[in-house]
Amino acid sequence: MLLVDGTGLFDEVKKGLVVNAMQVCVIHAGAPFATKPRRRQGRRLIPTRIVIWSKTIFRDAAFLSCCAAHPAHSHGSMRVLLTTTSYQDTPGDHHALLEAQGYDIHRERGPLPESRMLELAGDFDAFLCGDDEITKAVLDKALPRLRVISKYGIGLDKIDVTECTARKLPVLFTPGVNHTTVAEHTFCLLLALVRNLVDSANAVRAGQWKRVTGNEIWNKKIGIVGLGRIGQEVAKRALAFGMEVHGMDLYWPEAFTKDHAVTRHESIESLIAAVDVLSLHANLSESTRHLVRADRITLAKPGLLVVNTSRAELVHMPDMITALNAGQVGGYATDVLDEEPPPPDHPLLNHPKALITPHIGSRTYESVPRQAMRATLNLVNYLSGAADVIQANKF
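The residue numbering used here restarts from 1 in each chain and proceeds along that chain's sequence as written. Local features in this predicted model are restricted to residues of pLDDT 70 or higher, and side-chain atom pairs are both shown and tallied only at a pLDDT of 80 or more, whereas totals for entire chains, interfaces and linings draw on every residue. Values reported for side chains reflect all heavy atoms of the structure, with hydrogen atoms and water molecules removed beforehand.

A.B. asks: Could you clarify how one ought to interpret the packing of aromatic side chains in this entry?
C.D. replies: What describes a pair of aromatic rings is the distance from one ring centre to the other and the angle between the planes of the rings. Ring pairs are drawn from Phe, Tyr and Trp, using the six-membered ring of Trp, whenever the two centres fall within 6.5 Å, and their geometry is named by plane angle: stacked under 30 degrees, edge-to-face over 60, tilted for the rest. Applying the stated criterion across every chain, the model contains two aromatic pairs. A centroid spacing of 6.5 Å and a plane angle of 80° characterise the contact between Tyr87 and Tyr152, whose relative ring orientation is edge-to-face. Of the two residues, Tyr87 is situated in helix H3 (residues 85-89) and Tyr152 in the loop between strand E8 (148-151) and helix H7 (161-166); the sequence distance between them amounts to 65 residues. The buried category is assigned to Tyr87, whose relative accessible area is 0%. Tyr152 sits in the buried class, given a relative accessible area of 7%. Relative to Phe241, the ring of Phe187 has its centre 5.2 Å away and its plane inclined at 10°; by these criteria the two rings are stacked. Highlighted residues: Phe187 in helix H8 (residues 179-194) and Phe241 in the loop between helix H10 (229-240) and strand E11 (244-248), separated in sequence by 54 residues. Strands are runs of DSSP state E lasting at least two residues, helices are runs of H or I lasting at least four, and both sets are numbered from the N terminus onward. Accessible area is worked out with a 1.4 Å probe on protein chains only. A residue is then buried under 20% of its type maximum, exposed over 50%, and partly exposed in between.

Written out as structure tokens, the structure is:
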């Protein structure tokens, strides 16, 4: 069995480079295209299908039945640790595809701390994970049995990728599937913040007709830190709201920023001083950790709004609390916290200028199946020896 994401391999299918297939059925954008039977394996024809999964997620019961009846490899005692709750909780075809492989699947409710990962490591051939702590210590115990890590999502800061690369352990991930959803949530947070939406709605629900004056975002300046897929989608929506878009990124997307009139800044100091809203979309690394901190916040206009749908550690939390209390930051809307779920005494939970959502930026009925299917395809294809995987660490 070979599962393919994208149309590139279809030419190889037509050239007959795919072996062990009695009938190849390519499903692209919901339309099946049957090809002629391919090669024999000895004297026996093997009924295998190839699925090309593009923007439309396949729904093919016959294919899934075929997977179950004729797996490409005998998985036997192949054990998979599944921890991502979005994957487990959201309906979608990824469930049937994973079940069809015959793996021994152990489910946990992540994200798991290092202590729990250490308890589990060593008993699994693969991790299908979310933001679990996969440290060097975990890898020491997980190897040599562990063959692959398939990350549901794009953030890899909880995985010791450097150590994985040194040990030639592939880390697979899912870029390009959640940028729309996260960009929408960014504006959900920003609009709720400037219009006092949560407090107003809660007051009405409590029987109070509490009318609080808010602000527009039209004609305001937004600074986007990180102009990857998500940052670019945020820029498009900001322009639609009539905002002036500023940005910074080490890898500046020239064509996009030219087409969308994005003002470039070479440093966070320059950006934060120029804007009314700061929206964070950078990966977490040692160079971006605590990117927003006291000495930079003091450069901002009083009342700066900060929106974070990336990683909590991009913000130095004690400095943010101080700035909120002083009014230097007018509001902090975040989908991520340094500890999830937070302890009851977390300083942001009851702060009147903070708006927190429980890491749901990519959790929609549209995005989760896309992300989950890509993570499953990565896992299944790698374990089956197929080439169509998205690997973060090259070696």
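On we go from here.
A.B. asks: Would you mind going over the environment of Leu120 with me for this structure?
C.D. replies: Counting through the fold element by element, Leu120 comes out in helix H5 (residues 114-120). Assessed through its relative accessible area of 8%, Leu120 is described here as buried. Separated by 21 residues in the primary sequence, Leu120 and Lys141 place their C-alpha atoms 9.0 Å from one another. Residue contacts follow a heavy-atom distance rule, with two residues in contact if any of their heavy atoms lie within 4.5 Å. When sequence neighbours within four positions are dropped, the list of residues in contact with Leu120 reads Leu81, His106, Glu108 and Leu112.

A.B. asks: Is there a simple way to explain a negative patch on the surface in this structure?
C.D. replies: Taken together, Asp338, Glu339, Glu340 and Asp345 make up a surface patch of like negative charges. Following the sequence through the fold, Asp338 ends up in the loop between strand E15 (329-334) and strand E16 (354-356). Like-charged residues within 9 Å of one another, or nonpolar side chains (Val, Leu, Ile, Met, Phe, Trp, Tyr) within 5 Å, are grouped into patches, provided each residue has over 30% relative accessible area and no salt bridge. In these tables, accessible area is a Shrake-Rupley quantity obtained with a 1.4 Å probe, and a residue counts as shielded only by the protein chains included in the view. The salt bridge definition used is simple: a Lys or Arg side-chain nitrogen within 4 Å of an Asp or Glu carboxyl oxygen. His is not counted, nor are the chain ends, whereas Lys and Arg count as positive and Asp and Glu as negative. Here the site of a charge means atom NZ of a Lys, CZ of an Arg, CG of an Asp or CD of a Glu.

A.B. asks: Explain the environment of Tyr332 here, please?
C.D. replies: In this structure, Tyr332 sits in strand E15. What makes Tyr332 buried here is its relative accessible area of 1%. Between the C-alpha atoms of Tyr332 and Pro352, which are 20 residues apart in sequence, the distance is 9.8 Å. Filtering out sequence-adjacent residues up to four positions away, Tyr332 remains in contact with Leu193, Val306, Asn308, Val315, Met317, Met320, Leu324, Leu348, Lys353, Ala354 and Leu355. Polar contacts here mean pairs of N or O atoms no more than 3.5 Å apart (in protein, one a potential hydrogen donor and the other a potential acceptor; neighbouring residues in sequence count only if both atoms are side-chain atoms). At a separation of 3.2 Å, a polar atom in the side chain of Tyr332 contacts the side chain of Asn308.

A.B. asks: Sorry, what's going on with the pattern of salt bridges here?
C.D. replies: One side chain can pair with another of opposite charge once the charged atoms of both are near each other. Going through the model one piece at a time under the given rule, you end up with 23 salt bridges. Asp125 is the partner of Arg145 in a salt bridge, and the nearest nitrogen-oxygen pair spans 3.1 Å. Taken together, the positions of Arg145 in the loop between helix H6 (136-142) and E8 and Asp125 in the loop between H5 and strand E7 (126-129) put the pair 20 residues apart, joining distant regions of the chain. The partner of Asp157 in a salt bridge is Arg311, and the shortest N-O contact between them spans 2.6 Å. Taken together, the residues span a long stretch of sequence, with Asp157 in the loop between E8 and H7 and Arg311 in the loop between strand E14 (304-308) and helix H14 (317-326) at a distance of 154 residues.

A.B. asks: Honestly, the packing of H8 against H10 in this entry has me stumped. Any pointers?
C.D. replies: If you want to describe how two helices pack, look at the angle between their axes and the distance between the axes. Comment: axis = line fitted to C-alpha atoms, over the contacting stretch for helices; angle = value between 0 and 180 degrees taken between N-to-C directions. One can describe the packing of H8 onto H10 by two numbers: an axis separation of 8 Å at closest approach and a directional angle of 50°. As far as their axial angle goes, H10 and H8 are oblique. Remark: the crossing between H8 and H10 carries right-handed chirality. Residues His179, Thr180, Val182, Ala183, Glu184, Thr186 and Phe187 of H8 pack against Arg229, Ile230, Glu233, Val234, Arg237 and Ala238 of H10. Each residue is assigned to one class: nonpolar for Ala, Val, Leu, Ile, Met, Phe, Trp, Tyr, Cys and Pro, charged for Asp, Glu, Lys and Arg, and polar for all the others, Gly among them. Its residues assigned to classes, the contact of H8 with H10 shows six nonpolar, three polar and four charged. Angle categories: roughly parallel below 35 degrees, roughly antiparallel above 145, roughly perpendicular from 65 to 115, and oblique for all the rest. Each crossing gets its hand from how the near helix is turned against the far one by less than a right angle, where anticlockwise is left-handed and clockwise is right-handed.

A.B. asks: Teacher, can you tell me more about the sheet that holds E7 here?
C.D. replies: Two strands in a sheet stick together by hydrogen bonds in their backbones, pointing the same way (parallel) or opposite ways (antiparallel). Pairing in this open sheet of five strands is parallel, and the strands run E6-E5-E7-E8-E9 from one edge to the other. Lying at the two open borders of the sheet, with one neighbouring strand each, are strand E6 (104-107) and strand E9 (171-172). Here E8 pairs with E9 via two bridges, running parallel. Bridge pairing in E9 places Ile149 opposite Val171. Criterion used throughout: strands pair if DSSP finds at least two bridges between them.

A.B. asks: Teacher, can you tell me more about the layout of surface pockets here?
C.D. replies: Rolled over the atoms, a probe sized like a water molecule indicates the empty space that remains. As defined here, a cavity is a set of points on a 1 Å grid over the protein atoms alone where a 1.4 Å probe fits but cannot get out. A pocket is an open set with protein on both sides within 12 Å along at least five of seven lines, and residues line them when an atom is within 4 Å of a point. Grid points are joined across faces, edges and corners, and a volume is the space filled by probe spheres set on the points. As a volume, the second largest pocket reaches approximately 520 Å³. Lining the second largest pocket are 27 residues, with Leu193, Val194, Leu305, Gly330 and Gly331 sitting closest to its centre. Among the elements of the structure, H8, helix H9 (197-205), E14, E15 and E16 are those that each provide at least two residues to the lining of the second largest pocket. A class-by-class count of the residues in the lining of the second largest pocket yields 14 nonpolar, seven polar and six charged.

A.B. asks: Can you walk me through the pairing of E7 in this structure?
C.D. replies: The alternating pattern of E7 places Ala126 and Leu128 and Phe127 and Cys129 on opposite faces, both of which are buried. The pairing of E7 with E8 spans four bridges and is classified as parallel. Directly across from Leu128, in E8, lies its bridge partner Ser150. Taken together, E7, H6 and E8 form a β-α-β motif whose crossover is right-handed. Note on handedness: a crossover is taken as right-handed if, strands pointing away from the viewer, the path from the first strand over the helix to the second is clockwise.

A.B. asks: Looking at this structure, how should I read the pairing of strand E13 (residues 277-280)?
C.D. replies: Neither face of E13 is left uncovered, since the one carrying Val277 and Ser279 and the one carrying Leu278 and Leu280 both have all their residues buried. By the bridge criterion, four bridges tie E13 to E14 in an arrangement that is parallel. Note on E14: the bridge partner recorded for Leu278 is Val306.

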